[in-house]
Amino acid sequence: MRATGSAQQMAAVLEAALEAGIWHVETAPAYGPAERYLGQALRTLLQRHPQRHGQLVLTSKLLPGVSLEAGQRQLREILERLGLERLHNLAVHGLNRPEHLHWATAGPGDELLRWAQGEGLVGQVGFSSHGSTALIEQALASGRFQFCSLHLHLFDQTRLPLARAALAQGIGVLAISPADKGGRLYDPPAMLQADCGPFAPLELAYRFLLDQGISTLSLGAAQPSDLALAAAIAGPSAAPAPWLNAPQRAALERLTLAGQGRLGAERCGQCRACLPCPNAVPIPELLRLRNLAVGHGLQAFAEERYNLIGRAGHWWEEHNASACGRCGDCLPRCPLQLPIPDLLADTHRRLAAPPRRRLWG
């Protein structure tokens, strides 16, 4: 989704990915010219290296809500752009709301997915989600999907139990953006680097997820050098476990303790007991951003995410901390007895800034 400057840029990234030991490539029609460039790169690559046939796994995605006929047309266009007769994996792109789940399990989306598999155009069907924990649980329990892509991060472990439950059911799991949405860890602040030293925060974040049993992690590369992390983690062996050695585990423990020390009694434990909020304020998510800014120096990332609120439709939260009416409804439910309205006000003071342009949309 990031190597979209030219077909040559995509080809260079694809070649570097294969050299780094990556065999799974995920794309989507929503990523601008990515599919078209990837298809061109695949044709060139396979002409030069015919032994690569059958080695690559390709995933693409379709946005929910389309009619059966529109979805059939879009899938055929995906295959044409990629130069494929069959797609290994097709995902519902952004199963974020209940109506999306209904579309995929009981509406036109269900017909579309069954048709795609029945015609042999698609191997597995799955979904990516930026939605609530409850919605993801329903999707996993529906029996409709063979894989899912979820936000699983070192600094946001909320959905790890969902991922483990999916894996236990034989449902594949891909971690969405551990580097970027996980905290812009490719550009770590000095505080975070010091807390993780002598290890890079980005590598620790990926190794943490691998150690948790999440074996498929996205790595959004814009240039070949962005894939150095994958090559470094894979190393010379095909089975580099254990993913975390003793010094790396110690660094993660220091990181946790450092954040707790800076936040003190104001640290949100992310238990979610404060919900639901009468004003629909996503209290845990907002206080998680405050935790990151204060506890780990991730101010730029927290600002970026905070100021995307209300601007990304169903892909992100709709209400920021200014919607708090100080009703106090959350206070008796917090096991840590946090002054939640005060902390929300502080979050808004710290993070509110002019919005930045999104990569997509």
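Quick caveat: nothing in here was measured; it's all calculated off a predicted structure.

Draft legend 1. Looking closely at the overall build of the protein. A count of helices and strands for the protein gives 14 helices and seven strands. Since a compact globule built from 361 residues should have a radius of gyration of about 21 Å, the 21 Å found for the protein is in line with a globular shape. Seen through its principal axes, the protein has C-alpha atoms that stretch 60 × 50 × 40 Å. By residue count, 47% of the 361 residues in the protein fall in the buried class. Of the accessible surface of the protein, which amounts to about 16400 Å², a share of 53% is contributed by carbon and sulfur atoms. Between the mean site of the 34 positive side-chain charges and the mean site of the 30 negative ones, the protein shows a separation of 2 Å.

Draft legend 2. Spatial organisation of the packing of aromatic side chains. Tallied over the entire structure, the rule returns one aromatic pair. Look at Phe127 and Phe145: their rings are 4.9 Å apart centre to centre, the planes differ by 65°, and that puts the pair in the edge-to-face class. Here Phe127 is found in strand 4 (residues 122–128), whereas its partner Phe145 is found in the loop between helix 6 (133–141) and strand 5 (147–150), with 18 residues between them in sequence. Among the residues examined, Phe145 registers a relative accessible area of 6% and is labelled buried.

Draft legend 3. Highlighting the pattern of salt bridges. All told, the structure shown has 20 salt bridges when counted by the stated rule. Close ionic contact of Asp180 with Arg2 constitutes a salt bridge, the shortest N to O distance being 3.3 Å. Of the two residues, Asp180 sits in the loop between strand 6 (172–175) and helix 8 (190–196) while Arg2 sits in the segment before helix 1 (7–19), which places them 178 residues apart along the sequence. Among the residues examined, Arg2 registers a relative accessible area of 29% and is labelled partly exposed. Here Lys61 makes a salt bridge to Glu26, at a shortest N to O gap of 3.4 Å. Residue Lys61 is located in strand 2 (residues 57–62), and its partner Glu26 is located in strand 1 (residues 24–26); the two are separated by 35 residues in the primary sequence.

Draft legend 4. Main features of the environment of Leu154. Mapped onto the fold, Leu154 is located in the loop between strand 5 and helix 7 (160–168). On the basis of relative accessible area, Leu154 is assigned to the buried category, the value being 12%. Measuring from C-alpha to C-alpha, the distance between Leu154 and Glu99 comes to 30 Å, with 55 residues separating the pair along the chain. Those residues in contact with Leu154 that sit more than four places away from it in its chain are Ala205, Phe208, Leu252 and Leu255.

Draft legend 5. Quick peek at the layout of surface pockets. Roughly 550 Å³ of volume is contained in the second largest pocket. Lining the second largest pocket are 24 residues, and of these Leu154, Phe155, Gln157, Thr256 and Arg267 lie nearest its centre. Secondary structure elements with two or more residues in the lining of the second largest pocket: helix 11 (246–263) and helix 12 (283–296). Classifying every residue of the lining of the second largest pocket by side-chain character gives nine nonpolar, nine polar and six charged.

Draft legend 6. Region of interest: the pairing of strand 2. Among the six residues of strand 2, five are classified as buried, and the element is accordingly described as predominantly covered. Here three bridges tie strand 1 to strand 2, and the two strands are oriented parallel to one another. Its bridge partner being in strand 2, Glu26 is matched across the sheet by Thr59. The parallel pair strand 1 and strand 2, bridged by helix 2 (residues 34–48), forms a crossover whose chirality is right-handed.

Draft legend 7. Here's a closer look at empty space enclosed by the protein. Counted by the stated rule, this structure contains one cavity of 30 Å³ or more. Taken as a whole, the largest cavity holds about 110 Å³ of empty space. Contributing to the lining of the largest cavity are 16 residues, with Cys277, Ile283, Cys324, Cys327 and Cys330 lying nearest its centre. By residue number, the principal contributor to the lining of the largest cavity is helix 14 (residues 340–351), which donates three residues. Taken together, the residues that form the lining of the largest cavity break down as 11 nonpolar, three polar and two charged.

Draft legend 8. Highlighting the sheet that holds strand 4. Taken in spatial order, the seven strands make up an open sheet running 1-2-3-4-5-6-7, and their pairing is parallel. At either end of the open sheet lies a strand with only one pairing partner, and these are strand 1 and strand 7 (216–217). In the sheet, strand 4 pairs with strand 5 via three bridges, with the strands oriented parallel. Bridge assignment links Phe127 to a residue of strand 5, and that residue is Cys148.

How each quantity is defined
Starting afresh in each chain, residues are numbered from 1 along the sequence in its written order. Local features in a predicted model are, by the rule used here, given only for residues with pLDDT of at least 70; side-chain atom pairs are given and counted only at 80 or more, and totals for whole chains, interfaces and linings are based on all residues. The basis for the side-chain values is all heavy atoms of the structure; hydrogens and waters are excluded. Per the convention used, a helix needs a DSSP run of H or I reaching at least four residues, while a strand needs a run of E reaching at least two, with both numbered from the N terminus. Just to be clear, the radius of gyration here is over C-alpha atoms, and the globule rule we use is 2.2 Å times residues to the power 0.38. Partly exposed describes any residue whose relative accessible area lies between the buried limit of under 20% and the exposed limit of over 50%, with all areas from a 1.4 Å probe on protein chains only and scaled to the type maximum. In these tables, accessible area is a Shrake-Rupley quantity obtained with a 1.4 Å probe, and a residue counts as shielded only by the protein chains included in the view. For this count, His and the chain ends are skipped, Lys and Arg are scored as positive, and Asp and Glu as negative. Throughout, a charge is located at the NZ atom of Lys, the CZ atom of Arg, the CG atom of Asp or the CD atom of Glu. Any two rings among Phe, Tyr and Trp, with Trp reduced to its six-membered ring, count as a pair given centres within 6.5 Å; such a pair is stacked if its planes are under 30 degrees apart, edge-to-face if over 60, and tilted if neither. Salt bridges are defined by distance alone: a side-chain nitrogen of Lys or Arg within 4 Å of a carboxyl oxygen of Asp or Glu. In this description, contact between two residues means that some pair of their heavy atoms is separated by no more than 4.5 Å. For cavity detection a 1 Å grid was placed over the protein atoms alone, and a set of points counts as a cavity when a 1.4 Å probe fits there but cannot get out; an open set counts as a pocket when protein lies on both sides within 12 Å along at least five of seven lines, with lining residues being those that have an atom within 4 Å of a point. Grid points are joined across faces, edges and corners, and a volume is the space filled by probe spheres set on the points. Residues are sorted three ways: Asp, Glu, Lys and Arg are charged, Ala, Val, Leu, Ile, Met, Phe, Trp, Tyr, Cys and Pro are nonpolar, and all the rest, Gly among them, are polar. The criterion for strand pairing is that DSSP finds at least two bridges linking the strands in question. Place the viewer so that the strands point away; then a crossover is right-handed whenever the path from the first strand over the helix to the second strand goes clockwise.

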